[in-house]
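Inside the fold
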Amino acid sequence: MLDRPLFNISWILGRFCNYKCSYCWPYARSDKIDYMSLELYIQVIDEIKSQARQNGFEEFHWSFSGGEPTAYKELPNLIKHLDETESPYQSIHMTTNLSPGSKWWKNWCDITDCLQRRSITASFHAEFAKEQEFGDKCLQLMYEGVHITVNQVMVPDKFFETLERCERLRKRGINVTLKPQSDITASYVIDGYSQQMIDIMQNDFEQQGGYQIRLTDGEQNYFIDQAERFNALKFNQFKNWTCNSGYQSVIIVGNDVKRGYSCREESLGTLDNFKLFSSPKVCITKDCVSSADSKIPKCK
Ligand code: SF4
């Protein structure tokens, strides 16, 4: 996003999830299927592309999450539409519990093959998923050329048993990210971590395959392997910085179109009527707690 005309879309399709983990916050999941029509979603894709192009962005990174995005029956048709309005570069990311079977994932690989880059953040939920099968599906996707990172929320009470499982997955060659748990309003990282735990989340499990974040002070560049570390490092306060969110990126949560998950602004509109910013704007928010937000270009 710093070097190319790349526009980022982070899209929470709905809150429905087929899992019901005891530690999941009520805002993050629902038993009710809450997707909207495929026709509306297709219009939204076209409208985002049109408005982003007016801002000078020709390339698109689509990131789908939920709830559980794979539970949306029309997801394959939605993905097929991405390629219908031509772009020089498009990539797709999904945050998923990886619950569909390997046949479903094979089909996903075939459908997304036309896109230039594919990545998945796979969340392991021990109350529902089986470690062996979960790891097998990660490897299946990796062999198809999909970039996989296992995203592990480190609940303080289960920190070290979770860490052992992450180590076993890493030994199988799978990238793992350790993520601190945020509070019920998703506004800040919860208390309850010892200094040892914080050190592990800040420094361990370095990602293979490059850095997600480049920081510069005008003279020198510094690199961070993944945006999740912003929270672990407590480097997540950008109030009064100029931020490209809403201009070079957009967030969709259900029917709401927003600047970012963390941003305190009024929304940019609804799915059938929204307007992106036409230039970067100053950040008015105290904490930028979502890694989807913190990785959007910003400068002081
Ligand atoms: S909260 Fe984060 S994404 Fe939102 S304007 Fe501030 S820095 Fe940008």
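Here, the structure is the one placed above.
Here we summarise the structure given alongside this text. Just so it is clear, the structure is predicted and the values come from calculations on it, not from any experiment. Every chain is numbered on its own, with residues counted from 1 as its sequence reads. Note on the predicted model: pLDDT of at least 70 is required for a residue's local features to be given, and 80 or more for side-chain atom pairs to be given and counted; whole-chain, interface and lining totals, by contrast, use all residues. Excluded from the side-chain calculation are hydrogens and water; included are all heavy atoms of the structure.

Concerning the overall build of the chain
Selection criterion: Numbering of helices and strands starts at the N terminus; helices are DSSP runs of H or I of at least 4 residues and strands are runs of E of at least 2. Within these notes, the globule rule equals 2.2 Å times the number of residues to the 0.38 power, and the radius of gyration is based on C-alpha atoms. Remark: exposure states derive from per-residue accessible area (1.4 Å probe, protein chains only) relative to the maximum for the residue type, with buried under 20%, exposed over 50%, and partly exposed in between. In this description, contact between two residues means that some pair of their heavy atoms is separated by no more than 4.5 Å. Where accessible areas are quoted, they stem from the Shrake-Rupley method and a 1.4 Å probe; at the residue level, only the protein chains shown are allowed to cover.
Helix and strand counts for the chain stand at eight helices and 15 strands. By the compact-globule yardstick of 19 Å for 300 residues, the chain fits well, its C-alpha radius of gyration being 18 Å. Overall size of the chain, expressed as C-alpha extent along the three principal axes, is 50 × 45 × 35 Å. Within the span of the chain, comprising 300 residues, buried residues form 53% of the whole. The contacts of the chain with a sequence gap of at least 6 include a subset with a gap of at least 24, amounting to 71%. Total accessible area on the chain is roughly 14700 Å²; 48% of this is exposed by carbon and sulfur atoms.

Some points on the sheet that holds strand β4 (residues 117–123)
Let me state the cut-off plainly: DSSP-based pairing: two strands are paired if at least 2 bridges between them are found. Between N-to-C directions, angles span 0 to 180 degrees; the directions come from axes that are lines fitted to C-alpha atoms, helices contributing only their stretch in contact.
Pairing within the open sheet is mixed, and its 10 strands lie in the order β6-β5-β4-β3-β2-β1-β10-β11-β12-β13. A single partner strand is all that each edge strand has here, and the edge strands are β6 (175–180) and β13 (273–274). Pairing of strand β5 (residues 147–154) with β6 involves six bridges; the strand directions are parallel. Bridged to Thr149 within β6 is Asn175. Here helix α1 (residues 38–54) sits on the sheet and contacts β1 (6–12), β2 (59–65), β3 (90–96), β10 (249–253) and β13; the angle it forms with β2, its principal contact strand, is near 145°. Taken strand by strand, helix α5 (residues 159–171) contacts β5 and β6, and its axis lies near 170° from that of β5.

Overview of the site of the ligand
Using the following cut-off: We call a residue near a molecule or strand when any one of its heavy atoms sits within 4 Å of it. Three residue categories are used. Nonpolar comprises Ala, Val, Leu, Ile, Met, Phe, Trp, Tyr, Cys and Pro, charged comprises Asp, Glu, Lys and Arg, and polar comprises the others, including Gly.
Residues in contact with the ligand, as listed here, are Phe238, Cys243, Ser245, Arg259, Ser262, Cys263, Cys283, Thr285, Cys288, Asp293 and Lys298. Considered class by class, the residues forming the shell around the ligand number five nonpolar, three polar and three charged.

Re the packing of α1 against helix α2 (residues 75–82)
Two measures define how a pair of helices packs: the angle their axes make with one another and the distance between the axes. Threshold: Throughout, the term roughly parallel applies to angles under 35 degrees, roughly antiparallel to angles over 145, roughly perpendicular to angles from 65 to 115, and oblique to all others. Two helices that cross are described as forming a left-handed crossing if the nearer one is turned anticlockwise from the farther one by less than a right angle, and a right-handed crossing if clockwise.
Two elements in contact, α1 and α2, have axes separated by 10 Å at closest approach and are oriented at 25°. As summarised for this structure, α1 and α2 are arranged roughly parallel, according to the angle between their axes. Here α1 and α2 pass one another in a crossing that is right-handed. Contacts between α1 and α2 involve Leu38, Tyr41, Ile42, Ile45, Asp46 and Lys49 from the former and Asn77, Leu78, His81 and Leu82 from the latter. Looking at the contact of α1 with α2, its residues break down into six nonpolar, two polar and two charged.

Here we look at helix α3 (residues 102–112)
This is how the line gets drawn: Each C-beta atom gives one direction from the helix axis, and the arc is the one those directions make.
Those residues of α3 not exposed but buried are Trp105, Trp108, Cys109, Ile111 and Thr112. The buried residues of α3 all sit within an arc of 165° when viewed along its axis, so they share a single face. At its buried positions, α3 is contacted by α2, β3, β4 and α4 (131–143).

A look at unusual backbone geometry
For Leu98, which is not glycine, the phi dihedral falls at a positive 65°. Summarising the element assignment, Leu98 is placed in the loop between β3 and α3. Its identity as a non-glycine residue notwithstanding, Lys234 has a phi of 55°, on the positive side. Lys234 sits in the exposed class, given a relative accessible area of 67%.

Some words on a negative patch on the surface
Worth spelling out the cut-off: Residues form patches when they are more than 30% accessible in relative terms and have no salt bridge. Like charges link within 9 Å. Nonpolar side chains (Val, Leu, Ile, Met, Phe, Trp, Tyr) link within 5 Å. For this document, the term salt bridge refers to a Lys or Arg side-chain nitrogen within 4 Å of an Asp or Glu carboxyl oxygen. His is not counted, nor are the chain ends, whereas Lys and Arg count as positive and Asp and Glu as negative. Charged side chains are reduced to one point each, which is NZ for Lys, CZ for Arg, CG for Asp and CD for Glu.
Residues Asp46, Glu47, Asp83, Glu84 and Glu86 make up a contiguous surface patch of negative charge. Among the secondary structure elements, Asp46 is positioned in helix α1.

Some points on the sheet that holds strand β9 (residues 242–243)
What the three strands build is an open sheet, ordered β14-β9-β15; its pairing is antiparallel. At either margin of the open sheet sits one strand with a lone partner, and together these are β14 (281–282) and β15 (298–299). Pairing geometry for β9 and β14, over two bridges, is antiparallel. Looking at the pairing, Cys243 lines up with Lys281 of β14.

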